[in-house]
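Architecture and fold: a report
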Amino acid sequence: MTDSKIRVLIVDDDALVRAGLSMILAGAGDIEIVGEAADGAQVPSSVAALRPDVVLMDIRMPVVDGLTATEALLATPAPPEVVVLTTFHADAQVLRALRAGAAGFLLKDIPPGDLVAAIRRVAAGEPILSPAVTRQLITHVADGGAGERTDRARTLLARLSEREREVALAVGQGRSNAEIGSALYMSVATVKAHVSRILTKLELSNRVQIALTVYDASP
């Protein structure tokens, strides 16, 4: 982050939703709303000008939808963290956004305290998607390419050492670095090093993508 405050950009076509999210987050002393956008088309210029740490991205917008905007943003060098906003628990577009590198998703009716906590977690580099929700998404979203992804995921995991695969599996189980270290008898610093190497070897951007790869490889 560029300073002590977490810089947040809100992207949603509903002015009332933007106002509500801004009001909630404005009450947190360590979070700063640096701007708002009403459509995905405004995201590239807004991110370039405002340099947010976290983007709250609505999925359904009329001109450029949030999925398209998320995929384009996360394909750029050093992008901000993206959190998808949705009214749906299990949605194909949400899953695609996560596969593209989004750090998680939030329902629009999330309690205010949970929203603030989620922003803080994402800014700290932690995913906000539980393993149960990830499984629900994968299970309920019909996907004709599941077989190909299973093969690809298994090929990717074969790149890892035995220890790295153990860490990847633990990430897929939603364990924190401290929990992984305790279970595998290693320091938190060593766990972080393993996670970093896993991301590099698998060409992924965050822990959510590691978890998705682990689930895709499961029979």
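Keep in mind it's a predicted model, so treat the numbers as computed, not measured. (Residues numbered from 1 in each chain as written. Predicted model: local features only at pLDDT ≥ 70, side-chain atom pairs only at ≥ 80, totals over all residues. Heavy atoms only, no water.)

1. Some points on the side chain of Q209
In plain terms, the rule: In this text, helices come from DSSP runs of H or I with a minimum length of four residues, and strands from runs of E with a minimum of two, each type numbered from the N-terminal end. Note on definitions: a residue-residue contact is assigned when non-hydrogen atoms from the two residues lie within 4.5 Å.
Checked against the element boundaries, Q209 lands in helix 11 (residues 207-217). When neighbours within four sequence positions are excluded, Q209 is seen to be in contact with L98, R99, A100, G101 and L204.

2. Quick notes on helix 5 (residues 112-123)
Inclusion rule: Here a helix's expected span is defined as the number of its residues, less one, multiplied by 1.5 Å. Whether a residue is buried, partly exposed or exposed follows from its accessible area with a 1.4 Å probe, protein chains only, as a fraction of its type maximum: under 20%, in between, or over 50%, in that order. The arc in question is traced by the directions running from the helix axis to the C-beta atoms.
If you check helix 5, its first and last C-alpha atoms are 17 Å apart, about what 12 residues at 1.5 Å a residue would give, namely 16 Å. L115, V116, A118, I119 and V122 are the residues of helix 5 that are buried. Along the axis of helix 5, the buried positions cluster into a sector of 160°, meaning they face one direction only. In this structure, the buried residues of helix 5 make contact with strand 1 (6-11), helix 1 (15-26), strand 2 (31-37), strand 3 (54-58), strand 4 (81-86) and strand 5 (104-107). Directly after helix 5, the chain includes G125, whose backbone phi takes a positive value near 90°.

3. A closer look at the pattern of salt bridges
Our working definition: By convention in these notes, a salt bridge is any Lys or Arg side-chain nitrogen within 4 Å of a carboxyl oxygen on Asp or Glu.
Applying the stated rule across the entire model yields 10 salt bridges. Linking E36 and R18 is a salt bridge whose minimum nitrogen-to-oxygen distance equals 3.1 Å. Taken as a pair, E36 in strand 2 and R18 in helix 1 lie far apart in primary sequence, 18 residues in all. Take E36: its relative accessible area is 40%, and that puts it in the partly exposed class. Two residues, K201 and E164, come together in a salt bridge whose shortest N-O distance is 2.8 Å. Placement of the pair is K201 in helix 10 (residues 188-202) and E164 in helix 8 (residues 162-172), with a sequence separation of 37 residues. Ionic contacts of the salt-bridge type, sharing partners, join the residues D12, D58 and K108 into one network.

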